[in-house]
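Here is how the chains run, residue by residue.
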Amino acid sequence: MISPIRDEWRKSYIGLIRTKGKTEVTVPDAGDLGIVALVIAIIGTIYSVYMAITAPKPNFGNDLASPKYGTKYGFDAISNTISNELIYPIPFGRNKYGGNIIWNKKDGDNIYMFLLIGIGKINSISEVKVNDIPIEELPGCSYTAYLGLPDQTVDLRAGGEVKGLRNIAYLAVTLVPSEKLPGGDPTVTCVYEGLLMKAWSGSAWTGENYSRNPAACLRKLLTIPREDGGAGVDESEIDDASFGEVYDRCKVLIDDGEGSLSERHLFDFVFDAEKPVHDAIMEILQPYGMYLVVGEKISLKMLKPDDSVYDFDMDNINQGTFRYYYASKNESLNDVTVKYGDPEQNDVAIDAKSVDLYDQIKTGSVRKGEYMFLSLSRFAEASRRAEFIKNETNTNVIFCEFDVDIDALHCAVGDVVTLSHDLTGWNRKPFRIIKITEESDHTRHAVFKEENPSIYNDAFGSVIASLDYGSPPNPYRPVADVTDLAIQESAYYLHKDGTVGTDIAVSWQAPADASKQFLKYYQIELKKGPADYKTAGFTSGNNF
């Protein structure tokens with residue numbers, strides 16, 4: 001679970017228990033599952049290679065206004081929460097984040113608070129802002145970052161009121177009112193670089209590294225203890241080589257569409273909402289076309305060009321069981337939108353599209369598909385995913401299925417095979433196995449989907465354009481200073497009592513930037529010698 005398994009949830013899980021190192025399975029009573037059974041049952045039955053191909057439709061979650069659903073993903077700007085119902089977040093990759101206030105205290109006008117970032121150990125916390133103003137620009141304000149070390153101590157701001165906080169990444173903040181921070185309910189945000197984890201060396205998973213690689217992040221999630229929100233899988237249950245192969249493919253440098261190279265896949269996501277472990281696993285798998293295969297160990301696979309591992313033909317397909325069919329035309333999409341989280345746009349969901357205008361004109365119909373992958377943080381990657389979905393739904397449209405004797409089934413779900421059959425005239429046509437079910441002790445029923453390796457071309461769905469339409473000013477930041485301030489004496493004049501007087505003439509230039517839209521009037525203050533400033537008057541013009 002992404003949150004600890006509550007007693008009322010335990011009866012909801014049904015699955016198979018496989019004893020480590022053995023092939024026999026038993027069906028337990030509901031509520032008696034061990035973690036190996038839970039993970040294997042959920043991974044093996046709920047998430048299939050077909051889901052990796054088709055991808056999920058947008059799901060905006062449950063009640064996003066509820067305190068159970070964190071601070072990162074929703075319809076509003078990133079905010080801080082104050083709740084004892086929220087889980088410990090699990091931070092992966094690089095993200096702008098608000099966090100949950102786990103302790104706060106007000107001393108006069110000053111505010112002291114601890115913001116929970118997640119379980120540790122993480123790589124860094126930086127770019128701390130208050131109301132989107134860098135905290136370094138706010139007089140008297142400060143922060144101390146704690147990365148979740150096992151020996152870290154509680155920040156002194158708490159004055160002994162808080163205990164523990166080891167292995168927890170958090171931000172200790174001091175807020176002091178000023179002209180730039182007039183008070184109210186400020187929002188504190190930061191940028192974190194998430195959990196440290198083992199990395200693939202080419203032959204083994206070793207070290208303690210900061211990584212945004214999806215394969216490394218999935219392996220970390222699987223092995224995080226259950227009490228910390230992970231799946232609690234022992235490393236010995238994981239096929240290291242298969243995870244390493246996907247790791248290597250994810251880190252290959254490819255065109256980023258802006259004249260540079262970047263890694264093919266990056267995972268930037270914080271799990272800060274209660275959800276079952278299979279939902280968390282799918283959050284990592286689906287944006288990248290990855291899927292899990294469970295046998296003696298848990299293996300990770302990725303959709304990519306693969307060689308055929310087996311040939312099926314009239315000799316090994318059970319007679320009378322073969323049939324084939326086509327996907328519905330409505331499933332062949334010609335307008336695909338992938339929503340992703342763009343850190344350059346304040347982390348709001350941005351659309352990356354892939355559109356086939358020719359097909360829309362030819363068929364007279366627009367067949368839309370919309371998908372949400374908030375772990376993607378780059379337009380290039382979201383655009384490639386949109387293009388892949390469009391091409392896959394239009395290219396791989398043939399399905400077939402048949403029975404085969406177990407002795408002839410030398411392959412697994414996700415493998416690419418070739419099919420030859422007299423009914424269709426196919427001669428070693430490539431297919432990918434998307435499902436295998438047991439019909440009897442000696443017979444298996446297999447379902448296949450057409451496979452065309454040319455769709456794995458890392459092509460963009462649309463042109464990457466760097467456009468600057470300007471940005472609205474931060475309404476929390478003070479209006480910019482006036483310029484060309486000039487002070488002059490006016491002409492002398494004679495009072496009736498015979499004394500001579502003069503006025504102080506003040507002029508200036510209004511702020512030139514966009515912050516002037518928040519300017520209503522000027523307040524003129526004057527002081528004499530060591531006395532305090534006193535208000536002399538107000539004006540909306542440029543002189544007084």
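Going by the structure above, here's the rest.
Notes on the structure follow.

## Things to note about a nonpolar patch on the surface
- There is a patch of nonpolar side chains on the surface, built from L485, I487, I504 and L526 and spanning about 420 Å² of accessible area.
- For I487, the location among the structural elements is in strand β27 (residues 483-489).
- Relative accessible area serves as the criterion here: at 63%, I487 is assigned to the exposed category.

## A look at helix α4 (residues 214-223)
- Burial analysis of α4 places eight of its ten residues in the buried class, the great majority of the element.
- By the burial criterion, the buried members of α4 are P214, A215, A216, C217, L218, R219, L221 and L222.
- Measuring from the side-chain oxygen of the N-cap residue of α4 to the backbone nitrogen of A215 gives 3.0 Å; that N-cap residue is N213.

## Observations concerning the packing of aromatic side chains
- A complete count under the given rule lists 27 aromatic pairs for this structure.
- Centre to centre, the rings of Y324 and W426 are 5.8 Å apart; their planes meet at 65°, and the pair counts as edge-to-face. Placement of the pair is Y324 in strand β19 (residues 323-326) and W426 in strand β25 (residues 426-438), with a sequence separation of 102 residues.
- Since its relative accessible area comes to 37%, Y324 is described here as partly exposed.
- The class for W426 is buried, based on a relative accessible area of 14%.
- Ring pairing ties together the aromatic residues Y310, F312, F322, Y324, Y326, F402, W426, F431 and F448, which thus form one cluster.

## So, the packing of α4 against helix α5 (residues 240-250)
- Their axes nearest at 7 Å, the elements α4 and α5 cross at an angle of 145°. For the pair α4 and α5, contact is made by P214, A215, A216, L218, R219 and L222 and by D240, F243, V246, Y247 and C250, respectively.
- Considering only residue class, the contact of α4 with α5 consists of nine nonpolar, no polar and two charged.

## A few points about the sheet that holds strand β21 (residues 349-355)
- Across the sheet, three strands lie side by side as β21-β20-β22; this open sheet has mixed pairing. At either margin of the open sheet sits one strand with a lone partner, and together these are β21 and β22 (368-372). Direction aside, the axes of adjacent strands within the sheet are offset by 20° on average.
- For strand β20 (residues 335-341) and β22, the ladder comprises five bridges, and the chain directions are parallel. Residue K339 lies in a different strand from β22, and its bridge partner there is M372.
- Across the sheet, helix α8 (residues 379-395) is in contact with β20, β21 and β22; its angle to β21 comes to roughly 40°.

Rules behind the numbers
Residues numbered from 1 in each chain as written. Predicted model: local features only at pLDDT ≥ 70, side-chain atom pairs only at ≥ 80, totals over all residues. Heavy atoms only, no water. Patch = residues over 30% accessible without salt bridge, like charges linked within 9 Å, V, L, I, M, F, W, Y side chains within 5 Å. Areas by Shrake-Rupley, 256 points an atom, 1.4 Å probe, with all protein chains shown as cover. Salt bridge = Lys/Arg side-chain N within 4 Å of Asp/Glu carboxyl O. Helix = DSSP H or I, 4+ residues; strand = E, 2+ residues; numbered from the N terminus. Buried < 20%, exposed > 50% of the residue type's maximum accessible area, 1.4 Å probe, protein only. Polar contact = N/O pair within 3.5 Å; in protein donor to acceptor, adjacent residues only side chain to side chain. Phe/Tyr/Trp six-rings, centres within 6.5 Å; stacked < 30°, edge-to-face > 60°. Axes fitted to C-alpha atoms, helices over the stretch in contact; angles between N-to-C directions. Contact = heavy atoms within 4.5 Å. Nonpolar A, V, L, I, M, F, W, Y, C, P; charged D, E, K, R; others polar. Pairing = 2+ DSSP bridges.

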